[in-house]
Amino acid sequence: FEVDGRQVPYFPGASAPEPPSSGSLPLVALGGPGTDAARACAPITADVTDAAVLIERGASVSGQPCDATFYAKALKAQQAGADAVVIYNNVPGVFS
């Protein structure tokens, strides 16, 4: 997909629906990298209606309970009104 005119490589998640090949959505970041908000380990308070939400991979950094599965992160964004979720890596390299 493209962000600010720059192509960004991605891998569709296993068991995820096929990503669209056209269209656009605003991107909403939930918080700064390395935070519980960015990792969807805190309540989603941002208006994510009709948007794609950027969620950082990883568990809670504050120690609070957090279901860090990709499914739980995507479901939380969907329940908050998001149309799409982009989970990005919290460390260099490819998801394993």
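Residues numbered from 1 in each chain as written. Predicted model: local features only at pLDDT ≥ 70, side-chain atom pairs only at ≥ 80, totals over all residues. Heavy atoms only, no water.

### Focus: the pairing of strand β5 (residues 84-88)
Consideration 1: Bridge analysis of strand β4 (residues 52-56) against β5 gives five bridges, and the strand direction is parallel. Among the inter-strand pairings, Val53 is bridged to a residue of β5, identified as Val85.
Consideration 2: Between the parallel pair β4 and β5, the chain is carried across by helix α1 (residues 70-79), and the sense of this crossover is right-handed. (Pairing = 2+ DSSP bridges. Helix = DSSP H or I, 4+ residues; strand = E, 2+ residues; numbered from the N terminus. Right-handed = clockwise from strand over helix to strand, strands pointing away.)

### What about the nonpolar core?
Consideration 1: Within the largest apolar cluster, 10 residues are counted, these being Val28, Leu30, Ala40, Ile44, Val48, Ala51, Val53, Ile55, Ala77 and Ala82.
Consideration 2: Every residue in contact with Leu30, bar those within four places of it in the chain, is listed here: Ala37, Ala38, Ala40, Ile44, Val48, Val53, Leu54 and Ile55. (Core = buried A, V, L, I, M, F, W, Y, C linked by side-chain atoms within 4.5 Å. Buried < 20%, exposed > 50% of the residue type's maximum accessible area, 1.4 Å probe, protein only. Contact = heavy atoms within 4.5 Å.)

### Here we look at the confidence of the model for the protein chain
Consideration 1: Summary statistics for the protein chain give a mean pLDDT of 89 and a share of 98% for residues scoring 70 or more.
Consideration 2: The least confident element of the protein chain is strand β1 (residues 2-3), whose mean pLDDT is 78; the most confident is β4, at 95. (pLDDT = per-residue confidence, 0-100.)

### Digging into the pattern of salt bridges
Consideration 1: Overall, the coordinates contain one salt bridge when judged by the stated rule.
Consideration 2: A salt bridge links Glu56 to Arg39, with the shortest nitrogen-to-oxygen separation between them at 2.7 Å. In this pair, Glu56 sits in strand β4 while Arg39 sits in the loop between β3 (27-29) and β4, placing the two residues 17 residues apart along the sequence. Arg39 matches Glu56 in its accessibility class, with the two residues each being buried. (Salt bridge = Lys/Arg side-chain N within 4 Å of Asp/Glu carboxyl O.)

### A look at the sheet that holds β4
Consideration 1: The strand order across the open sheet formed by three strands is β3-β4-β5, and the pairing between neighbours is parallel. Both edges of this open sheet fall to β3 and β5, since each of them pairs with a single strand only. Within this sheet the neighbouring strands show an average axis-to-axis angle of 30°, counted without direction. (Axes fitted to C-alpha atoms, helices over the stretch in contact; angles between N-to-C directions.)

### Here's the deal with a nonpolar patch on the surface
Consideration 1: Together, Phe1, Tyr10 and Leu27 make up an exposed nonpolar region whose accessible area comes to about 260 Å².
Consideration 2: For Phe1, the location among the structural elements is in the segment before β1.
Consideration 3: Residue classification places Phe1 among the partly exposed positions, given a relative accessible area of 32%. (Patch = residues over 30% accessible without salt bridge, like charges linked within 9 Å, V, L, I, M, F, W, Y side chains within 5 Å. Areas by Shrake-Rupley, 256 points an atom, 1.4 Å probe, with all protein chains shown as cover.)

### Let's talk about the pairing of β4
Consideration 1: Counting buried residues along β4, four of its five residues qualify, which places the element largely inside the surrounding structure.
Consideration 2: Of the strand pairs in this sheet, β3 and β4 are connected by three bridges, and their pairing is parallel. Across the sheet, Ala29 pairs through a bridge with Leu54, a residue of β4.

### Quick look at the side chain of Asn89
Consideration 1: Secondary-structure assignment places Asn89 in the segment after β5.
Consideration 2: Within polar-contact distance, the side chain of Asn89 engages the backbone oxygen of Val91 at 3.3 Å. (Polar contact = N/O pair within 3.5 Å; in protein donor to acceptor, adjacent residues only side chain to side chain.)

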